[in-house]
Amino acid sequence: MADYPARVKIVEVGARDGLQNEVSVATEAKIALVNALKDAGLKHIEAGAFVSPKWVPQMADSAAVIQGFTRSDDVEISALTPNLKGAELALENQVDEFAIFTAASEAFTQKNINCTIEQSIERFRPVVDLAQKNNIKVRGYVSCVVGCPYQGAVQPEQVLAVCKQLLSLGCYEISLGDTIGVGTPKKVQQLLTLLLQHIPADKLAVHFHDTYGQALTNIHTALQMGIATVDSAVAGLGGCPYAKGASGNVATEDVVYLLQGLGIECGIDLERLAKAGWTICDALGKTPSSKVSLALKQTCQS
Ligand code: HMG
Ligand code: MG
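Since this is a predicted model, take the numbers as computed values, not measurements.

Trainee: Would you mind going over the packing of helix 10 (residues 252-262) against helix 11 (residues 270-284) with me for this structure?
Mentor: Between two packed helices, what matters for the description is the angle formed by their axes and the separation of those axes. Two elements in contact, helix 10 and helix 11, have axes whose closest approach is 10 Å; the angle formed by their N-to-C orientations is 165°. On the basis of their axis angle, the class for helix 10 and helix 11 is roughly antiparallel. Where helix 10 crosses over helix 11, the two elements pack in a sense that is left-handed. Note on element contacts: helix 11 touches helix 10 through L270, L273, A274 and G277, opposite T252, E253, V256, Y257 and Q260. Residue composition of the contact of helix 10 with helix 11, by class: five nonpolar, three polar and one charged.

The structure is reproduced here in structure tokens:
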């Protein structure tokens, strides 16, 4: 039997990663979503992005969303902060955690944040300074950890180099993004085998998009290797606006069902979570991509 972690931290990214790539939805629906996620027991919610509204118009109301929901001391709210301007806005809006983001691929970094990887690291220095002065934690994302939509395969050594840069900047945790969902368990195992020789498991999170339906099995592989932080999006919402063809993140409902089946604690009420997903999907006019969500809906209706 594998040595699974006893408890897993879920970082719910549906309100950001999910909604950044869906049709525009009313601010009130986003606020209701964040409240419903909280009620379902999620303690780490990425609620928006302080990015250029010209680049990602869906996130333009992030301040209103973050101001609009009911805050609780035991729930950490994070937001993307690509530069000092974004960090200042996040600070003004009492965000608990900043998330900086770069990639292991030069081409993707250029398309996503309009600079090189090296320039992105320089751009993050004042973001981290501002965070540290205000006792705010900083999370780092590395996108394209397995493959890039523009450059193809990405080598684990490239990922390690960027992770090390983000850690030495001051990130407390690195989220490894399989942005276009091309990873398979073997690739994930190869990547984590290298990273874990240099970085403790408790500083790493996994962030799988489910484009090729491999996200859950990849998460299972990561859990077996000691990773205990998983990013996911309710109802499997979203994709990435700068990664054509990328589908949404793995659905939180599916991750919670897997964790419950493995006897791993995550503190989430699956039924409430599924309801949060149905409501936002109704607002978006779409069906959840989560199989667990669909199965629960049938059970509820029968
Ligand atoms: P730029 O055009 O090079 O920047 O964009 P700039 O400094 O020249 O600014 C251009 C305009 O944007 C100016 O406005 C700025 O004021 C404004 P103008 O003078 O033209 O009216 N601006 C801002 N406005 C609001 N908030 C800000 C901000 N910064 C500048 N923070 C920039 C550079 C980084 C801003 C841009 O490329 C950008 O916003 N990119 C964000 C892209 C994005 O959000 N992508 C999706 C998230 S990443 C992702 O999904 C992957 C992840 O999920 C992990 C995974 O799956 O792998 C995290
Ligand atoms: Mg993502």
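From this point on, the discussion continues.
Trainee: Looking at this structure, I do not really get the nonpolar core. What am I missing?
Mentor: One recurring pattern in soluble globular proteins is that nonpolar side chains are buried together. If you look at the biggest cluster of nonpolar residues, it comprises 99 residues, and the most contacted ones within it are F98, V159 and L166. When near neighbours in sequence (up to four residues on either side) are disregarded, L166 contacts I100, T102, I121, F124, G140, Y141, V142, C171 and I174.

Trainee: Looking at this model, I keep getting lost on the environment of A2. Mind explaining?
Mentor: Mapped onto the secondary structure, A2 falls in the segment before strand 1 (9-12). Residue A2 is classed as partly exposed on the basis of its relative accessible area, which comes to 26%. For the pair A2 and L262, spaced 260 residues apart in the sequence, the C-alpha separation amounts to 10 Å.

Trainee: Would you take a moment to explain the site of ligand 1 for this structure?
Mentor: In the vicinity of ligand 1, 28 residues are found, and the nearest of them are K54, N112, N114, S143 and T179. A distance of 2.8 Å separates an oxygen atom of ligand 1 from a polar side-chain atom of Q20. Between a nitrogen atom of ligand 1 and a side-chain N or O atom of N83, the distance comes to 2.9 Å. Because more than half of its atoms lie within 2 Å of the grid, ligand 1 is assigned to the largest pocket.

Trainee: What is the right way to read the coordination of the magnesium ion (ligand 2) from this model?
Mentor: Tetrahedral coordination by four donors places them ideally at 109.5 degrees to one another around the metal; octahedral coordination by six donors ideally gives 90 or 180 degrees. For the magnesium ion (ligand 2), every protein donor is listed as D17 (OD), H207 (NE2) and H209 (NE2), and the spread of their distances is 2.0 to 2.2 Å. On the primary sequence, the residues serving as donors to the magnesium ion (ligand 2) are separated as D-x189-H-x1-H. Summarising the burial analysis for this pair, H207 and H209 share the class buried.

Trainee: Please clarify how the side chain of H207 should be interpreted in this entry.
Mentor: In this structure, H207 sits in strand 9 (residues 204-208). Once residues within four sequence positions are removed from consideration, H207 is found in contact with V13, R16, D17, Y141, S175, L176, G177, D178, D231 and N249.

Trainee: Would you take a moment to explain the packing of helix 8 (residues 185-195) against helix 9 (residues 215-224) for this structure?
Mentor: Where helix 8 contacts helix 9, the axes come no closer than 9 Å and their chain directions differ by 35°. Taken as a pair, helix 8 and helix 9 cross one another with a handedness that is right-handed. Contacts between helix 8 and helix 9 involve P185, V188, Q189 and L192 on the former and, on the latter, T217, N218, T221 and A222. Taken together, the residues that form the contact of helix 8 with helix 9 break down as four nonpolar, four polar and no charged.

Trainee: What's the story with empty space enclosed by the protein in this structure? I'm lost.
Mentor: To find the voids left in a structure, one rolls a probe of water-molecule size over its atoms. As enumerated under the stated definition, the model contains two cavities of 30 Å³ or more in all. Considered as a void within the structure, the largest cavity measures approximately 60 Å³ in volume. Along its surface, the largest cavity is lined by K9, V11, H44, I45, E46, E76, I77, S78, E97 and Y172. Every element with two or more residues in the lining of the largest cavity is listed here: strand 1, strand 2 (44-49) and strand 3 (76-80). Lining the second largest cavity, in full, are V145, L176, V188, L191, L192, V206 and F208. At the level of secondary structure, the elements contributing two or more residues to the lining of the second largest cavity comprise helix 8 and strand 9.

Trainee: Which parts of the structure should I look at to understand the side chain of T109?
Mentor: Residue placement: T109 occurs in helix 5 (residues 106-113). Sequence-distant contacts of T109, that is, excluding residues within four places in its chain, are made with T102, A103, N114, C115, T116, I117 and S120.

Trainee: Any chance you could explain the layout of surface pockets here in plain terms?
Mentor: Taken as a whole, the largest pocket encloses approximately 650 Å³ of empty space. Along the walls of the largest pocket sit 35 residues, with V51, S52, P82, F101 and I113 positioned nearest its centre. Residue assignment for the lining of the largest pocket shows that the elements contributing at least two residues are helix 1 (14-18), helix 3 (62-68), helix 4 (84-92), helix 5 and strand 5 (137-143). Among the residues forming the lining of the largest pocket, the class breakdown is 19 nonpolar, 12 polar and four charged.

Thresholds applied
Residues numbered from 1 in each chain as written. Chains lettered and ligands numbered in written order. Predicted model: local features only at pLDDT ≥ 70, side-chain atom pairs only at ≥ 80, totals over all residues. Heavy atoms only, no water. Axes fitted to C-alpha atoms, helices over the stretch in contact; angles between N-to-C directions. Helix = DSSP H or I, 4+ residues; strand = E, 2+ residues; numbered from the N terminus. Parallel < 35°, antiparallel > 145°, perpendicular 65-115°, else oblique. Left-handed = near helix turned anticlockwise from the far one by under 90°. Contact = heavy atoms within 4.5 Å. Nonpolar A, V, L, I, M, F, W, Y, C, P; charged D, E, K, R; others polar. Core = buried A, V, L, I, M, F, W, Y, C linked by side-chain atoms within 4.5 Å. Buried < 20%, exposed > 50% of the residue type's maximum accessible area, 1.4 Å probe, protein only. Near = heavy atom within 4 Å. Polar contact = N/O pair within 3.5 Å; in protein donor to acceptor, adjacent residues only side chain to side chain. 1 Å grid on protein atoms, 1.4 Å probe; cavity = no way out; pocket = protein on both sides within 12 Å on 5 of 7 lines; lining within 4 Å. Sits in = over half its atoms within 2 Å of the grid points. Donors = N, O, S within 2.8 Å, 3.2 Å for Na, K, Ca; no water. Points joined across faces, edges and corners; volume = space filled by probe spheres on them.

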